[in-house]
Each structure stands twice: as structure tokens, then as C-alpha cells.
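As a plain string of letters, each chain reads:
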Amino acid sequence: FCSGALLSEYYILTAAHCVNYPEVRVFPLQVVFGIENLVEQSGERRMISDVFLHPDWTTGTEANDIAIIRIDRPINFTNRNYAKICLPSIDQLVVGDYPSAETSLVAIGWAYTMYEDIESDFLQQIRLIVLDEQTNQQ
């Protein structure tokens, strides 16, 4: 019902609103790797062993809507079919805003394709361009 990106062989970055349910901690939920549509029965599966919500995230807001999932067994982090997150180096963070304006980014997920649309059974991808802070304030 939600997507995520691999941080390492044990950890996945996702949205806090996806995992802030009692069921996540009570029922044995799985993470499935390497599928492109929700009908597929293939893919590598791992159980969720722990969930870490951002300490400043609260239900109903969009601020700090981030969480990290720990899986019970490592995943092959070198598999090219698994979405891995691209994190900046420390040098890039010290220099200024990251990512910088006009940088091209890619977002991948199962979300709606239009406002009030139905969710897609197929993994979606979109290319985005970073706007500078002045453009964001207009």
C-alpha cells in the first residue's frame, strides 16, 4: 500500500503516514522488493521487524512525514531492480541547499496519478525539477 527506497540492506525509507498504524506493529507485515505492479506474486519478501517514525511527525500534517522500516533479514543491496535512495555527500550539504535549483529528480511510487483519482496498480515514475526558494514563494 506504500512504497519506499532502500537505505541499506536492512533499512527502508518510507512515509510516516504509511506505517503509523497499530496493525504494522501487531500483524506480521511484509515488504516486497522487485515488483512493478501490485498483481505480481513474484518479488523478494521480508518481514518488518521495527518502525521508526520521525519524532516531530504528527497525524494530519505533511511536515516530517518520514519513517524508517527495519526488515528482519538483509536484502541484496546490489540488486539493480531495487529502488535505492541517492543521498548527498557531506560536502554537498555543507556548500548550500541540497538539491540545488534546476536539479532533475525522480520520484517513484504507487500513489494517485491525479487529484481524487484511483490508485494505480502499476509503479509510477515522474521526473521533477527543483525550484529555488524565491520561485517557491511566488
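Residues numbered from 1 in each chain as written. Predicted model: local features only at pLDDT ≥ 70, side-chain atom pairs only at ≥ 80, totals over all residues. Heavy atoms only, no water.

Comments concerning the overall build of the protein
The helix and strand inventory of the protein stands at four helices and seven strands. If you list the helices and strands of the protein from N to C, you get β-β-α-α-β-β-β-α-β-β-α. For the protein, the accessible area works out to roughly 10300 Å², and carbon and sulfur atoms hold 54% of it. (Helix = DSSP H or I, 4+ residues; strand = E, 2+ residues; numbered from the N terminus. Areas by Shrake-Rupley, 256 points an atom, 1.4 Å probe, with all protein chains shown as cover.)

With respect to the nonpolar core
Among the nonpolar cores identified, the biggest contains 16 residues, and Ile 12, Val 31, Phe 33, Ile 69 and Ile 71 are the most heavily contacted of them. Only helix H1 (16-19), strand S3 (30-33), strand S4 (44-53) and strand S5 (67-71) provide two or more residues apiece to this core. Non-local contacts of Val 31, meaning those with residues more than four positions away in its chain, are made with Ile 12, Glu 44, Arg 45, Arg 46, Ile 48, Ile 69 and Ile 71. (Core = buried A, V, L, I, M, F, W, Y, C linked by side-chain atoms within 4.5 Å. Buried < 20%, exposed > 50% of the residue type's maximum accessible area, 1.4 Å probe, protein only. Contact = heavy atoms within 4.5 Å.)

Quick notes on the sheet that holds strand S1 (residues 5-6)
Strand order across the open sheet formed by five strands is S1-S2-S5-S4-S3, with antiparallel pairing between neighbours. Only two strands of the sheet have a single neighbouring strand rather than two, namely S1 and S3. Bridge count for S1 against strand S2 (residues 11-14) is two bridges, and the pairing is antiparallel. The residue bridging Ala 5 from the neighbouring strand is Leu 13, located in S2. (Pairing = 2+ DSSP bridges.)

Overview of the pattern of salt bridges
Scanning all chains against the criterion turns up one salt bridge. Linking Glu 44 and Arg 46 is a salt bridge whose minimum nitrogen-to-oxygen distance equals 2.7 Å. Judged by relative accessible area, which is 26%, Glu 44 ranks as partly exposed. Arg 46 gets classed as buried once you look at its relative accessible area, which sits at 7%. (Salt bridge = Lys/Arg side-chain N within 4 Å of Asp/Glu carboxyl O.)

Overview of a nonpolar patch on the surface
Side chains of Leu 105, Ile 126 and Leu 128 sit close together on the surface and give an oily, nonpolar patch of about 230 Å² of accessible area. Considering the arrangement of structural elements, one finds Leu 105 in strand S6 (residues 104-109). (Patch = residues over 30% accessible without salt bridge, like charges linked within 9 Å, V, L, I, M, F, W, Y side chains within 5 Å.)

Comments concerning the side chain of Arg 46
Structurally, Arg 46 can be placed in strand S4. A polar side-chain atom of Arg 46 sits 3.3 Å from the main-chain carbonyl oxygen of Arg 73. From its side chain, Arg 46 meets the backbone oxygen of Pro 74 in a polar contact 3.0 Å long. Residues within four places of Arg 46 in sequence aside, it is in contact with Leu 29, Gln 30, Val 31, Phe 33, Ile 71, Asp 72, Arg 73, Pro 74 and Ile 75. (Polar contact = N/O pair within 3.5 Å; in protein donor to acceptor, adjacent residues only side chain to side chain.)

Everything listed is a geometric property; what it means functionally is a separate question.
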